[in-house]
Amino acid sequence: MIYASMSEWFGRVGNFGLTLLIVTVYGLLVGALIERIIAKVQGRVGIPYSQPFINIAKTFFKRTAVSHGIMFYLGPVFRIAGGIGTLAFIPVIYGSEMFSNFSMAGDLFLVIYFMFFGQLGMALGAGESGHPYSAIGIARGLSQMTAYEVPFALAVISIVIQYDTLSITEIVAAQQGGWQNWTVITNWVATLAAMLAFLGMTGYSPFDIFLAPQEIPIGPPTEFHSAYLSFLQINRALFGATKLVLFMNLFFGGATGWVELMIKTLLIYMVAIVVGVAFPRFRVDQGIRFFFKIPTLIGIMSIVYVQMVLA
Amino acid sequence: MNTLLDRLATDFGIYDISDRKPAITTLKVEKQQAERLIRELRDREGYTHLNFITCIDYIEQGIFTLVYMLHNYGDKSTLGVEVDIDRENAEMTSIHTLWAQAWTYQRELREMFGINFPGSPRQEEDFCLEGWDDIPPMRREFNTKTYSTETFGHREGRVSEDPREHMKAQLYPTRGGDN
Amino acid sequence: MSKDRSSKNTMENSGLSADEQLLFCNARPEPYKPYSIKAVEDFANWARANSLWILAFGTGCCSIELRPLMTARFDISRFGIAGRPTPRQSSVFIIGGYVSVKTLKRIIRSYEQMQGPKFIIALGSCPANGGMYFDSYNTINQFDLYLPVDMYVTGCMPRPEALLAAIMELKEDIKVGNCDGANRYVENLDWYKANQKKVIKNWDMPDYNW
Ligand code: SF4
């Protein structure tokens, strides 16, 4: 992509900063909202909406921070770089020059790469902390990630074949003009595979074994504290919201305005929540087997479907 | 049950048989016979479950009484095998070869009462008390109040009341603490 | 933390063998100063008070009182309080009742691993004066000899309301900035360590668990 001038480049960076801010705040608010909904289900009041922000401020203002070495610093940095990098190449609002970020011809693959870059960085950082539970959490998290990657990658390949493009903007563009053009209708097989993978991605029950607060004290981030933790908290919100935006773009027709984006992403998120409150936790071997069976089959079917039916 | 006890009386010389509860019987046996008796009960008579091993300190008579509580799942009866051992240089045959979990009990008995079980695994290790350097705390000559005050101190202002008198005075102040 | 083993500001770590000494940091902790700008410090205190994370470590029977607080009847998440499974991330340590010597060792380790500012609420009569275990050979009688306590709740066991009231009071204290147990601990470290070592006879851990 060639920029006409320096000022245009700065403008784009500024716009991206704005997007970043909105998406992060939105992610934090959605997190609080979900907490409150779960609390209501349990007959409680739940946390105030401001709680995630206070938590971040608190962890940031901790007075001490113990380090475990250079990779330990870099873990959260890689993680948040993964989050920002993912968002940077996703067009957030369709048709808006301001909020399409740095999206370009091959951005879909870049995004998928960035989604896993953060996890790997985190694995390195948490490994450096030397805590045995971190190592267990990482082993579980990465093996689960390998498993849900398969149906997700198959679904993405399927829609890449369907729309014959690697650009998210073009994929969204192809879905415009009414809900009957959304991927969820035109290629429901791929959507199904991707939504199953999405359950694993969000880390809610039944696929939350790698966090397991009671058994392996919250897994990979066990040793992270103070400002490191506030980075992770921010990234959790940012990355969660980014994933939702990506799914919305790929399968649910994208959004032309912030309100549409919020409604759609919230509904997508609800899928994971509803499954989460209804099902107990899988063990890691069960989770992996699950992803390698039906979702993978559906993923393969979606490619066949695209080739036979849609072609 | 009675035929069993009769046979054990002739074979092992058990004595002091008493029915504590409908399904709990205790009997006493000499220290030398104890391991053989327990083995026999486990292998022949169906007392396959070791409930617990515990110890009673009869300081006046200078003995420890070890109690092996065995359970029979067949007729749901429980048998307590009691063994008197000397308080000085207390020592007893280890039964960890019969039940693997017995060594945990034996470790505890060693720590709390100072009873030796030669051959029992990990006898020398700390069990509950880490770095204990006094006489074993469950022996009755050990004064736990004195130890506690000496080691952990006494919070100024703490008073102990007799609960009965105290509550009387609280509830019926007009009657001078007398109901 | 500085890995410099020769400087004056180090702990002895005499409980460890020569090999183990190399594995642990031996720096002496230092009291931390508040932010020099008052508005920043006030904001930080406000945030700390409104986001108290409790270490999920129940030491005695009183800690059973923590469960009702989490559930529908009392629901402390309303006040920004949550449980945390790891000491690194938590800021409040609730000593839930009697403390045996063996537990005390673990409590000290966990407390020292928490990141400041950190607060201790001692729950029940047992940590205060020994409670009904005042004559036990195995439970300590005065918890504040070993670690700095910010708030006591008496009772055997105290009702959840009492604990809730204590947490509320702790919040007020944090907001005005006079809950500095962690600093007190570091300033009087030698006194605390002497007391701790008097009862923990097999001291086989570093003098300060970073
Ligand atoms: S104060 Fe009472 S309830 Fe609490 S730990 Fe002590 S004995 Fe148990």
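Keep in mind the model is a prediction, meaning the values are calculated, not measured.

### As for the overall build of chain A
Along its length, chain A carries 12 helices and zero strands. Put simply, chain A runs from its N terminus to its C terminus through helices and strands in the order α-α-α-α-α-α-α-α-α-α-α-α. Over its C-alpha atoms chain A spans a radius of gyration of 19 Å, differing by no more than 12% from the 19 Å that the globule rule assigns to 311 residues. Each principal axis of the C-alpha atoms in chain A carries an extent, and together these give about 55 × 50 × 40 Å. The buried share among the 311 residues of chain A stands at 55%. When contacts within chain A are restricted to residue pairs at least 6 apart in sequence, those whose partners lie at least 24 apart make up 79%. For chain A, the accessible surface area stands at approximately 13100 Å², while carbon and sulfur atoms represent 73% of it. Here chain A contributes 16 positively and 13 negatively charged side chains, and the mean placements of these two sets differ by 14 Å.

### Considering the nonpolar core
Soluble globular proteins: nonpolar side chains tend toward being buried together. Among the nonpolar cores identified, the biggest contains 67 residues, and Leu66(B), Tyr68(B), Val81(B), Ile115(B) and Phe143(C) are the most heavily contacted of them. Ranked by the residues each element gives to this core, the list is headed by helix H4 (residues 101-113) of chain C, at five residues. Sequence-distant contacts of Val81(B), that is, excluding residues within four places in its chain, are made with Leu27(B), Val29(B), Leu37(B), Ile38(B), Leu41(B), Leu66(B), Val67(B), Tyr68(B) and Leu70(B). Ranked by size, the runner-up nonpolar core spans 65 residues in total, among them Leu20(A), Leu87(A), Phe89(A) and Ile298(A).

### Here we look at unusual backbone geometry
Following Cys156(C), the chain continues to Met157(C) via a peptide bond in cis, the omega torsion being -15°. With respect to the element layout, Met157(C) can be found in the loop between strand S5 (151-153) and helix H6 (160-176). Backbone geometry at Asn89(B) places phi at a positive 50°, although glycine is not the residue there. Mapped onto the fold, Asn89(B) is located in the loop between strand S5 (77-86) and helix H3 (102-113). Here Asn89(B) falls in the exposed class, since its relative accessible area comes to 74%.

### Topic: the side chain of Gln123(B)
All names here are of chain B. Relative to the elements of secondary structure, Gln123 occurs in the loop between H3 and helix H4 (144-152). Given a relative accessible area of 7%, Gln123 falls into the buried group. Beyond its immediate chain neighbours, meaning those up to four positions away, Gln123 contacts Gln106, Arg107, Arg110, Ile115, Asn116 and Phe117.

### What to know about the interface of chain C and chain A
Taken together, the 34 residues of chain C in the interface contact 31 residues of chain A. Summing both sides of the interface, chain C and chain A together bury roughly 2700 Å²; the carbon and sulfur share of this comes to 58%. Counting the surface chain C buries against chain A, the share from its top three residues, Arg88(C), Gln89(C) and Gln115(C), is 21%. The partner of Arg63(A) in a salt bridge is Glu41(C), with the nearest N and O atoms 3.1 Å apart. Of all the elements, helix H2 (residues 38-50) of chain C adds the most residues to the side of chain C that touches chain A, at eight residues. Here the side of chain C that touches chain A is built from residues that sort into 15 nonpolar, 11 polar and eight charged.

### Digging into the confidence of the model for chain C
Counting all residues, the mean pLDDT for chain C is 85, and 96% of those residues have values of 70 or more. If you check the scores for this complex, the pTM reads 0.84 and the ipTM reads 0.84.

### Notes on the pairing of strand S3 (residues 49-58) of chain B
All names here are of chain B. Sheet topology note: the S3/strand S4 (residues 63-72) ladder contains nine bridges and is antiparallel. Note on S4: the bridge partner recorded for Ile53 is Tyr68. Counting the residues that bridge the hairpin from S3 to S4 gives four residues, and of these Gly62 lies at a positive phi of roughly 70°.

### Description of the pattern of salt bridges
Under the criterion given, the structure shown has 33 salt bridges over all chains. Arg107(B) is paired through a salt bridge with Glu125(B); the nearest N and O atoms lie 3.9 Å apart. Of this pair, Arg107(B) sits in helix H3 while Glu125(B) sits in the loop between H3 and H4, placing them 18 residues apart in sequence. Residue classification places Glu125(B) among the partly exposed positions, given a relative accessible area of 38%. Between Lys193(C) and Glu112(C) there is a salt bridge whose closest N-O contact spans 2.6 Å. Of this pair, Lys193(C) sits in helix H8 (residues 189-199) while Glu112(C) sits in helix H4, placing them 81 residues apart in sequence.

### Here we look at the arrangement of the chains
The pair of protein chains exhibiting the most contacts, out of two pairs of chains in contact, is chains A and C. Note that chain A does not reach chain B: the shortest distance linking a C-alpha of one to a C-alpha of the other is 24 Å.

### A word on the sheet that holds strand S2 (residues 24-29) of chain B
Residue and element names in this part refer to chain B. Strand order in this open sheet of five strands is S1-S2-S5-S4-S3, and the pairing throughout is mixed. A strand with exactly one partner marks an edge of an open sheet, and here the two such strands are strand S1 (15-21) and S3. Sheet twist, expressed as the average angle between the axes of neighbouring strands with direction ignored, equals 20°. Along the sheet, helix H2 (residues 31-43) makes contact with S2, S4 and S5, crossing S5 at roughly 160°.

### What about the site of the ligand?
The environment of the ligand is made up of Cys61(C), Cys62(C), Gly97(C), Tyr98(C), Gly124(C), Ser125(C), Cys126(C), Met132(C), Tyr133(C), Gly155(C), Cys156(C) and Met157(C). Its residues assigned to classes, the shell around the ligand shows eight nonpolar, four polar and no charged.

### Observations regarding the interface of chain B and chain C
The interface is formed by 23 residues belonging to chain B together with 27 residues belonging to chain C. Of the roughly 1900 Å² buried where chain B meets chain C, counting both sides, 45% is carbon and sulfur surface. Summed over the three residues of chain B that lose the most area to chain C, namely Glu130(B), Phe152(B) and Arg155(B), the buried surface amounts to 40% of that side. At the junction of chain B with chain C, the criterion picks out four salt bridges. A salt bridge links Glu130(B) to Lys105(C); the shortest N-O distance between them is 3.6 Å. At the boundary of chain B with chain C, the tally comes to 16 residue pairs in polar contact (both at pLDDT 80 or more).

Analysis parameters
- Along each chain, residue indices are assigned from 1 in the same order as the chain's sequence is written.
- Each chain takes a letter, starting from A, and each ligand takes a number, starting from 1, following the order in which they are written.
- Reporting of local features is limited, given that this is a predicted model, to residues whose pLDDT is at least 70; pairs of side-chain atoms are given and counted only at 80 or more, and all residues count toward the totals for whole chains, interfaces and linings.
- With hydrogens and water excluded, all non-hydrogen atoms of the structure serve as input to the side-chain values.
- Secondary structure elements are taken from DSSP: a helix is a run of H or I of four residues or more, a strand is a run of E of two residues or more, and numbering for both begins at the N terminus.
- C-alpha atoms define the radius of gyration, and 2.2 Å times the number of residues to the power 0.38 defines the globule rule.
- Exposure categories follow from relative accessible area, calculated using a 1.4 Å probe and restricted to protein chains: below 20% of the type maximum is buried, above 50% is exposed, and the middle band is partly exposed.
- Residues are treated as being in contact if the distance between any of their heavy atoms lies within 4.5 Å.
- Per-residue and other accessible areas were derived by the Shrake-Rupley procedure at a 1.4 Å probe size, with only the shown protein chains allowed to occlude residues.
- When charges are counted, Lys and Arg are positive and Asp and Glu negative, with His and the chain ends excluded.
- Here the site of a charge means atom NZ of a Lys, CZ of an Arg, CG of an Asp or CD of a Glu.
- By convention a nonpolar core is built from buried Ala, Val, Leu, Ile, Met, Phe, Trp, Tyr and Cys residues, the set being connected through side-chain atoms within 4.5 Å.
- Buried area: the sum, over both parts, of the accessible surface (1.4 Å probe) that disappears when the two are put together.
- In the sections that follow, a salt bridge refers to a side-chain nitrogen of Lys or Arg positioned within 4 Å of a carboxyl oxygen of Asp or Glu.
- Nonpolar residues are Ala, Val, Leu, Ile, Met, Phe, Trp, Tyr, Cys and Pro. Charged residues are Asp, Glu, Lys and Arg, and all others, Gly as well, are polar.
- Residue-level confidence of the predictor is summarised by pLDDT, bounded by 0 at the bottom and 100 at the top.
- Whether two strands pair depends on DSSP finding at least two bridges between them.
- Here the axes come from fitting lines to C-alpha atoms, over the contacting stretch only for helices, and the angles between their N-to-C directions go from 0 to 180 degrees.
- In these notes, residues near a molecule or strand are those with any non-hydrogen atom within 4 Å of it.
- What qualifies as a polar contact is a pair of N or O atoms within 3.5 Å, subject to a donor-acceptor requirement within protein and to the restriction that residues adjacent in sequence count only when both atoms come from side chains.

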